[in-house]
Amino acid sequence: MKVELQNLTKIFPNRNKKIKEGVVAVNDFTFTIPDGKLVGLLGPSGCGKSTTLYMISGLQKATSGKIFFGDEDVTDLSPENRGIGLVFQNYALYPHMTVLQNIMFPLQNLNGADKMSKSQMLERAHYAAKLVQIDELMDRKPNELSGGQQQRVAIARALVKMPRVLLLDEPLSNLDARLRLQTREEIRRIQKETGITTVFVTHDQEEAMSISDLIVVMKQGVVQQVGKPQEIYDNPTNLFVAKFLGTPPINVFEGKVQDGKLFIGGEAVMSVPKVANCSVYVGIRPEGLTLGNESSQSLFSILFSSGASKSKEGLTCDFSALDVMGRDVSVVSSHPNSMNPVVRAIVSSENKIPTTTKKIKFTLKPSKVFLFDKATEERIYF
């Protein structure tokens, strides 16, 4: 089911009654969610992602704009008539009911032509339980289940009505790290198997990037960028998006472009011949900082032969520490022009690296370097 949002806006009344202007939670949101895709609404707390989800569900009425499910205008339809399945952050299971009763509950409220017999409800409930792999837990009550199992019950309850659209409001936030990873993989598997158009709200960019077909990045109620996860990571449209996506986070420096050269501090770090002279923010992904020519030199020789590369262009930092992450190593350093507490570079861990150097010089991969206008924070392409 395709979901189309047209100029969707939500304004809440201001709690300060002396101020007439309301609080804009979502501002002119226009986007089409393709049929059968999983779309992640991503952004910090208060950006309007959950409000958008609740307007799609019908739990909150839009101040202005339209919502279409396929060709049907559902803007003024009540939630029960929209054909949605909604999974809340806190599961919202009935504690006195068994797993089976919780899953069946939405079916028991169907009336008219949609009313089902008990055998039909049981068949549908067992199908939904098997889909989320809890069919052996049907006689248990919620307090006898783990957090991950409770979340699966909530998903099964949302799926049992065969909804046109599945809506997930931060469904993993109450789970520990291992369960989060396992459950998000399960959500992706279930969505693929059912083909239900799904909207997934999260503030965790790793979650959004790992399971979404498309990501919508939001800030203060305004859509910042829409695209495939890797495309947004590789081509952020502004500084906010660049900083929000990526683990470890992008390194950001204050810099300037002068006569076709990019300067950070007093160093010319890279050539940017097509960019006019201006002050900029420089974003460099951790994997975009390399220690000399790693294909021909060991990291030991790069770090400690002279303390820094002899290359003319590059970024010299004060070496701090090495964080070993298994396959890779995070080189931790600092720079006076850095807007981050530390500068991180991700390099290979094939060589053992001592930690006695003071200065370290990086060369930059142009594809991992982004320039942003210092006044508007919009991307400057080069």
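Placed above this text is the structure.
Here's a quick rundown of the structure. Predicted model only: the values in this text are computed from it and were never measured. (Residues numbered from 1 in each chain as written. Predicted model: local features only at pLDDT ≥ 70, side-chain atom pairs only at ≥ 80, totals over all residues. Heavy atoms only, no water.)

### Some words on the pairing of strand S4 (residues 64-69)
Argument step 1. Pairing of strand S1 (residues 3-12) with S4, which is carried by five bridges, proceeds in the antiparallel orientation. Residue pairing for S4: Leu-5 is matched across the bridge by Ile-67.
Argument step 2. Bridge count for S4 against strand S5 (residues 72-73) is two bridges, and the pairing is antiparallel. Paired with Phe-68 across the strands is Asp-73, a residue of S5.
Argument step 3. What sits between S4 and S5 in their antiparallel hairpin is a turn of two residues, with Gly-70 showing a positive phi close to 65°. (Pairing = 2+ DSSP bridges. Helix = DSSP H or I, 4+ residues; strand = E, 2+ residues; numbered from the N terminus.)

### Some details on the environment of Leu-42
Argument step 1. Inspection of the secondary structure assignment puts Leu-42 in strand S3 (residues 38-42).
Argument step 2. For Leu-42, a relative accessible area of 0% gives the class buried. (Buried < 20%, exposed > 50% of the residue type's maximum accessible area, 1.4 Å probe, protein only.)

### A few points about the packing of helix H2 (residues 99-108) against helix H3 (residues 118-131)
Argument step 1. One can describe the packing of H2 onto H3 by two numbers: an axis separation of 9 Å at closest approach and a directional angle of 125°. Considering their axes alone, H2 and H3 lie oblique with respect to each other. For H2 against H3, the interelement crossing comes out right-handed. When H2 is examined against H3, the residues Leu-100, Ile-103, Met-104, Leu-107 and Gln-108 are found in contact with a partner set consisting of Met-121, Leu-122, Arg-124, Ala-125, His-126, Ala-128 and Ala-129. (Axes fitted to C-alpha atoms, helices over the stretch in contact; angles between N-to-C directions. Parallel < 35°, antiparallel > 145°, perpendicular 65-115°, else oblique. Left-handed = near helix turned anticlockwise from the far one by under 90°. Contact = heavy atoms within 4.5 Å.)

### With respect to the sheet that holds strand S2 (residues 23-33)
Argument step 1. Here we have four strands laid out as an open sheet, ordered S2-S1-S4-S5, and antiparallel in their pairing. Each having just a single partner strand, S2 and S5 make up the two edges of the open sheet.
Argument step 2. Most of the contacts of helix H1 (residues 49-57) go to S1, to which it runs at about 115°, and overall it touches S1, S2 and S4.

### Focus on the side chain of Gln-150
Argument step 1. Among the secondary structure elements, Gln-150 is positioned in helix H4 (residues 147-159).
Argument step 2. The exposure class of Gln-150 is buried, given its relative accessible area of 19%.
Argument step 3. Other than its neighbours up to four places away in sequence, Gln-150 contacts Tyr-91, Leu-93, Pro-142 and Leu-145.

### A short note on H3
Argument step 1. Under the 1.5 Å per step criterion, the end-to-end length of H3 is 20 Å for 14 residues, consistent within 8% with the ideal 20 Å.
Argument step 2. When we look at burial in H3, the residues that qualify are Met-121, Ala-125, Ala-128, Ala-129 and Leu-131. Considered in projection along H3, the buried side chains sweep an arc of 155° and stay on one side of the axis. Within H3, the exposed residues directed more than 90 degrees away from the buried face are Ser-119, Glu-123 and Lys-130.
Argument step 3. Downstream of H3 by one or two residues, Gln-133 has phi in the positive range, about 65°. (Expected span 1.5 Å × (residues − 1). Arc of directions from axis to C-beta.)

### Considering the packing of aromatic side chains
Argument step 1. Scanning the entire structure with this criterion turns up two aromatic pairs.
Argument step 2. Aromatic pair Tyr-94 and Phe-105: ring centres 4.9 Å apart, planes at 55°, arrangement tilted. In this pair, Tyr-94 sits in the loop between strand S6 (84-87) and H2 while Phe-105 sits in helix H2, placing the two residues 11 residues apart along the sequence.
Argument step 3. For Tyr-94, a relative accessible area of 31% translates into the label partly exposed.
Argument step 4. Seen in terms of ring centroids, Phe-240 and Phe-244 are 5.6 Å apart; in terms of plane orientation they differ by 25°. Their pairing is stacked. Remark: Phe-244 and Phe-240 occur in helix H8 (residues 239-244); sequence separation between them is four residues, near one turn of the helix. With respect to burial, Phe-240 and Phe-244 carry one shared label: buried.
Argument step 5. The ring of Tyr-233 is capped by Arg-285, whose NZ or CZ atom sits 4.0 Å from the centre of that ring. (Phe/Tyr/Trp six-rings, centres within 6.5 Å; stacked < 30°, edge-to-face > 60°. Lys NZ or Arg CZ within 6 Å of the ring centre and 35° of its normal.)

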